[in-house]
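Each chain is listed here by its residues.
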Amino acid sequence: GRRYRHPQPFSRMKMSLHTLPLTLVLSVATAAMMTAQPAPQIPVPDSLDLKTAIGFGLENNFAIRQARERIKQQEGVVIEVSAREIPNVAATGYYQGNSLAITSQSPASDRYWTISLTASQVLYAGDGVRSAVKSSQLAREAAVLDLQSTINDALLLVRTSFYNVLLAREKITVQEQNLELLQQQLKTTTDRYDAGTVSSFEKLRAEVSVANAKVPLITARNDYRLAIETLRQALGFTTNREDSISKIPNIIGTLDYTPVTFDLQAAFDAAHANRPDLQRLAKLASSREESVNTAKANYFPTVSAFGGWQLRKGPTYNFNDSSDGWLVGVQSQWNIFDGRATAGRVMQARSVLEQTRLTLSEAQLAAEVEVRRAYSNWQQATELADASKKVTGQAEGSVRLAN
């Protein structure tokens, strides 16, 4: 596989939640589609920013790599099914040894052999070949859409995990500042206690406050370590070398808030038009329709043309005495009654088609609910951000008054 090289550390910059261009995502995915190798064993980078994390995830995320392999698998199905549209050439050989008492050859011989080369082509199969090829092609297109959907989900997970790391790091800073403040208050209370202006209870309360503040700091540091591991899993980073186990890279980025606006109806329309998971189910529904036609083809006869050349044993065992010649013909097969096996296959295909259509309707409803939830969460986040600004302003004013 290609060895992933971490770029030079980026200077501290502001990160936004804007997505990368779709063309960049698809180009990287297409370039790596044919090289789904085990994740490279690389050292933990000294620093990691969002752009680098997204690039690494595109190359190594396990869900994306599995989706690429499903495309390869479906391409193989297309090749296999399409083989019935072109002539098939086969070479066969036959050798037999037998007792002279049961020979049917003249003159009598205890051996018989034949070699033949035959080409055959399906002329008519009740439209089964065409529908099978079309169904496999639609399934392959669905696999490509599945890759796009998987990339979207994986990159969302990478972004979320990355910002969770930033959030966990900021919580550590908050708890450290809180502990530092309480320690300063303890020092002040201790000095006043030594001066006899406060009671021992006030000193004890300050000491308890410092001890209690250490617990959330410990929790925040553990949450940061766990967030790093979640990001590592999202990236598909499998290195567990001794120098990499305890090393934590410097995550470059800040938590910035930029007000944005969304229109709910426009979000609905975009989801129905652009979501690859819905497009994938629509392709699968079309593929299932072709599968119904493929099953129906068993009601009709199959007609094939064949031609070839054959070499048979002659009076002696020498090739010079062998008989050879060409052959050409047409063969047909029609299962007039197959115990209703074809009817059962058609019933199954129609049921699978209906299930796929129901799955598509369910997915469309789920997409609308997901859009509504995301829109509601965005409203909540916007209101919380505005409220936090006011709280921060009040806190800064309180600090000035206290000083």
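These figures come from a predicted structure and were not determined experimentally.

Draft legend 1. Quick look at the packing of helix H8 (residues 276–296) against helix H9 (residues 341–402). Axis separation between H8 and H9 bottoms out at 9 Å; the angle between their running directions is 170°. Regarding the angle of H8 to H9, the classification is roughly antiparallel. Split by residue class, the contact of H8 with H9 holds 14 nonpolar, five polar and six charged.

Draft legend 2. How the structure looks around helix H3 (residues 62–82). Helix length check: H3 (21 residues) gives 30 Å between terminal C-alpha atoms against 30 Å at 1.5 Å per residue, within 8%. Listing the buried residues of H3 in full gives Ile64, Arg65, Ala67, Arg68, Ile71, Gln74, Val78 and Val81.

Draft legend 3. Summary view of the nonpolar core. Counting 37 residues, the largest nonpolar core has Phe162, Val165, Tyr224, Leu231, Leu235 and Ile251 as the members making the most contacts within it. Top element by residues in this core is helix H4 (residues 128–195). It accounts for 15 residues. Those residues in contact with Leu235 that sit more than four places away from it in its chain are Leu48, Ala53, Phe56, Gly57, Asn60, Asn61 and Val158. Counting residues in each nonpolar core, the second largest holds seven residues, with Leu278, Leu284, Leu360 and Ala363 among its members.

Draft legend 4. Expanded view of H4. Taking 1.5 Å of rise per residue, 68 residues should cover 100 Å, and H4 covers 99 Å from first to last C-alpha, within 8% of that figure. Directly after H4, the chain includes Gly196, whose backbone phi takes a positive value near 85°.

Draft legend 5. Seen up close, the pairing of strand E2 (residues 88–97). Burial within E2 is sparse, with just zero of its ten residues counted as buried. Judged from the ten bridges that link them, E2 and strand E3 (residues 111–124) form a sheet pairing that is antiparallel. What sits directly across from Tyr94, in E3, is Thr114.

Draft legend 6. Just the packing of aromatic side chains, in detail. The tally for this structure, following the rule as stated, stands at five aromatic pairs. Seen from their ring centres, Phe262 and Trp378 are 5.3 Å apart, and the 90° between their planes marks the pair as edge-to-face. Of this pair, Phe262 sits in the loop between strand E4 (250–251) and helix H7 (264–274) while Trp378 is found in helix H9, placing the two residues 116 residues apart along the sequence. The rings of Phe262, Tyr375 and Trp378 are connected pair by pair, giving a single aromatic cluster.

Draft legend 7. Layout of the sheet that holds E2. Sheet architecture is open: four strands sit in the order E2-E3-E5-E6, paired in antiparallel fashion. The outermost strands of the open sheet, each flanked by one partner alone, are E2 and strand E6 (323–333). Here the average twist between neighbouring strands, direction ignored, is 20°. Inspection of the sheet shows E3 paired to strand E5 (residues 302–312) by ten bridges, in the antiparallel sense. Each residue of the ladder has a partner; that of Ile115, found in E5, is Leu311.

Draft legend 8. Fine view of the environment of Gln355. Along the polypeptide, Gln355 turns up in helix H9. For the pair Gln355 and Ala285, spaced 70 residues apart in the sequence, the C-alpha separation amounts to 8.9 Å.

Draft legend 9. Expanded view of the environment of Tyr94. With respect to the helices and strands, the residue Tyr94 is situated in strand E2. The partly exposed category is assigned to Tyr94, whose relative accessible area is 42%. Put simply, Tyr94 and Trp113 are 19 residues apart on the chain and 5.3 Å apart in space, counted from C-alpha to C-alpha. Excluding anything up to four places from it in sequence, Tyr94 contacts Tyr112, Trp113 and Thr114. One polar contact links Tyr94 to Gln96, side chain to side chain, over a distance of 2.6 Å.

Draft legend 10. Main features of the confidence of the model for the protein chain. When pLDDT is averaged along the protein chain, the result is 83, and 86% of the positions lie at 70 or above. Confidence, read as mean pLDDT per element, is least for helix H1 (residues 22–32) in the protein chain (44) and greatest for H8 (93). Taken together, the stretch residues 1–41 has pLDDT below 50 and engages in 77 contacts with residues farther than four places along the chain or on a different chain.

What counts and what doesn't
- Residues numbered from 1 in each chain as written.
- Predicted model: local features only at pLDDT ≥ 70, side-chain atom pairs only at ≥ 80, totals over all residues.
- Heavy atoms only, no water.
- Axes fitted to C-alpha atoms, helices over the stretch in contact; angles between N-to-C directions.
- Helix = DSSP H or I, 4+ residues; strand = E, 2+ residues; numbered from the N terminus.
- Parallel < 35°, antiparallel > 145°, perpendicular 65-115°, else oblique.
- Nonpolar A, V, L, I, M, F, W, Y, C, P; charged D, E, K, R; others polar.
- Expected span 1.5 Å × (residues − 1).
- Buried < 20%, exposed > 50% of the residue type's maximum accessible area, 1.4 Å probe, protein only.
- Core = buried A, V, L, I, M, F, W, Y, C linked by side-chain atoms within 4.5 Å.
- Contact = heavy atoms within 4.5 Å.
- Pairing = 2+ DSSP bridges.
- Phe/Tyr/Trp six-rings, centres within 6.5 Å; stacked < 30°, edge-to-face > 60°.
- Polar contact = N/O pair within 3.5 Å; in protein donor to acceptor, adjacent residues only side chain to side chain.
- pLDDT = per-residue confidence, 0-100.

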